[in-house]
Amino acid sequence: MSYQHKYIDGTNIHFPLGKVVCIGRNYAEHAKELNNPVPTEPLLFIKPGSCVVGLEGGFAIPTERGSVHYEAEIAVLIGKPLSNNPNREEVLDAISGFAPALDLTLRDKQAELKSQGLPWEIAKSFDGAAVIAPFVVSSTYPDVTDIGIRLTINGEVRQDGNSALMLNPIIPMIQHMAGCFSLQAGDVILTGTPAGVGPLNVGDELVLELAGGTRFESVVR
Ligand code: ZN
């Protein structure tokens, strides 16, 4: 089933799915839990559109490839092109929506690649590696420095963060990204994960929510 950007009322968003631009180690507590130094410059990586799947109705994980970690993240949908160091207003104007999402990671593979100083794509860009819920319109969160994200697995809260805790807040982060490469309508930004990451197992029941905006249930198939 091919992925299509949607709003929570089920209406399609008529931007083609683009790339997924991610930031690593954007919450100090998460960097610490994986024994990673806090970067002095934002650590960016890109997942191709081919790895995106919807959250609703459950999603599959490649269990034969080692430990698959969840990373709950606030996803930002870009609705207008951004490039060449846009200003704050241009970035705010280009944000079309927010959604909770999972940046899935083959943690064993990533550790192996990291130890050899190699790129992370094999661990981060497999089919199904970006799980994105339907979006709420951007006006749901007039203050982007106060968006709560929470992941509950089998009834237990595993991750509970807020964009207030980001080392690179959403607007400066997107300004920096758009200074590195062009962003297009339909691209998605994954804004980093708070502490509490861990492995997923088939059958896990998930609740993924943005505080005050959207709440989704899903299951690992
Ligand atoms: Zn992540």
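Residues numbered from 1 in each chain as written. Predicted model: local features only at pLDDT ≥ 70, side-chain atom pairs only at ≥ 80, totals over all residues. Heavy atoms only, no water.

Next up on the list: unusual backbone geometry. One non-glycine residue with positive phi stands out, namely N35, at about 55 degrees. Relative to the elements of secondary structure, N35 occurs in the loop between α1 (28-33) and β2 (43-47). The exposure class assigned to N35 is exposed, which follows from its relative accessible area of 72%. (Helix = DSSP H or I, 4+ residues; strand = E, 2+ residues; numbered from the N terminus. Buried < 20%, exposed > 50% of the residue type's maximum accessible area, 1.4 Å probe, protein only.)

Turning our attention to the nonpolar core. In terms of nonpolar packing, the biggest core is built from 66 residues, with F59, F98, L102, L104 and I174 touching the most fellow members. Residues contacting I174, with those up to four places away along its chain left out, are V76, I78, L82, V91, I95, L183 and I189. (Core = buried A, V, L, I, M, F, W, Y, C linked by side-chain atoms within 4.5 Å. Contact = heavy atoms within 4.5 Å.)

Spatial strand order, β11-β10-β14-β15: four strands in an open sheet with antiparallel pairing. Each of the sheet's edge strands pairs with one partner strand only, and the pair in question is β11 (156-162) and β15 (214-219). Across the sheet, the mean angle separating the axes of adjacent strands is 15 degrees when strand polarity is ignored. Note that strand β14 (residues 205-210) and β15 share six bridges and pair antiparallel. Across the sheet, E205 pairs through a bridge with V219, a residue of β15. (Pairing = 2+ DSSP bridges. Axes fitted to C-alpha atoms, helices over the stretch in contact; angles between N-to-C directions.)

The sites that UniProt annotates as "domain: Fumarylacetoacetase-like C-terminal" (unreviewed entry) are residues 19-220. Secondary structure content for residues 19-220 is 18% helix and 34% strand, and the end C-alpha separation is 24 Å. (UniProt positions renumbered as here; feature names shortened; annotations may be inferred.)

As a further point, take the sheet that holds strand β7 (residues 105-106). Strand pairs in the sheet, formed through backbone hydrogen bonds, run parallel or antiparallel to each other. With antiparallel pairing, three strands are arranged side by side in an open sheet as β7-β4-β13. Edge positions in the sheet fall to β7 and β13 (198-199), since each has one partner strand and no second. Relative to β13, strand β4 (residues 68-70) is paired through two bridges, and the arrangement is antiparallel. Each residue of the ladder has a partner; that of Y70, found in β13, is G198.

Quick look at the packing of aromatic side chains now. For the coordinates displayed, the defined rule picks out two aromatic pairs. Considering the side-chain rings of F98 and Y141, the 5.9 Å spacing of their centres and the 90 degrees angle between planes classify their relative orientation as edge-to-face. Here Y141 lies in the loop between β9 (136-137) and β10 (148-153) and F98 lies in strand β6 (residues 95-103), a separation of 43 residues in the sequence. The burial state of F98 is the same as that of Y141; both residues are buried. (Phe/Tyr/Trp six-rings, centres within 6.5 Å; stacked < 30°, edge-to-face > 60°.)

What follows covers the pattern of salt bridges. With the rule as written, the count across this model stands at 13 salt bridges. With a closest N to O distance of 3.4 Å, E29 and K32 form a salt bridge. Of this pair, E29 and K32 both sit in helix α1, three residues apart, which is roughly one turn of that helix. For K32, a relative accessible area of 56% corresponds to the exposed category. Among the ionic pairs, E112 bridges to K109, the shortest N-O distance being 3.1 Å. In this pair, E112 and K109 both sit in helix α3 (residues 107-115), three residues apart, roughly one turn of the helix. Overall, K109 belongs to the partly exposed group, its relative accessible area being 27%. If you follow the salt bridges from partner to partner, you end up with K47, E71, D103, R107 and K124 in one network. (Salt bridge = Lys/Arg side-chain N within 4 Å of Asp/Glu carboxyl O.)

Attention now goes to helix α5 (residues 170-180). Residues three or four positions apart in an α-helix share a direction because the helix packs 3.6 residues into each turn. Taken together, the buried positions of α5 are I170, I171, M173, I174, M177 and A178. With its buried residues spanning 160 degrees around the axis, α5 presents them on a single face. Buried-residue contacts for α5 involve β1 (20-24), β2, β5 (72-78), α2 (88-94), β6 and β12 (188-190). (Arc of directions from axis to C-beta.)

As for its placement among the helices and strands, P169 is situated in the loop between β11 and α5. In sequence terms P169 and T145 are 24 residues apart; their C-alpha atoms lie 6.7 Å from each other.

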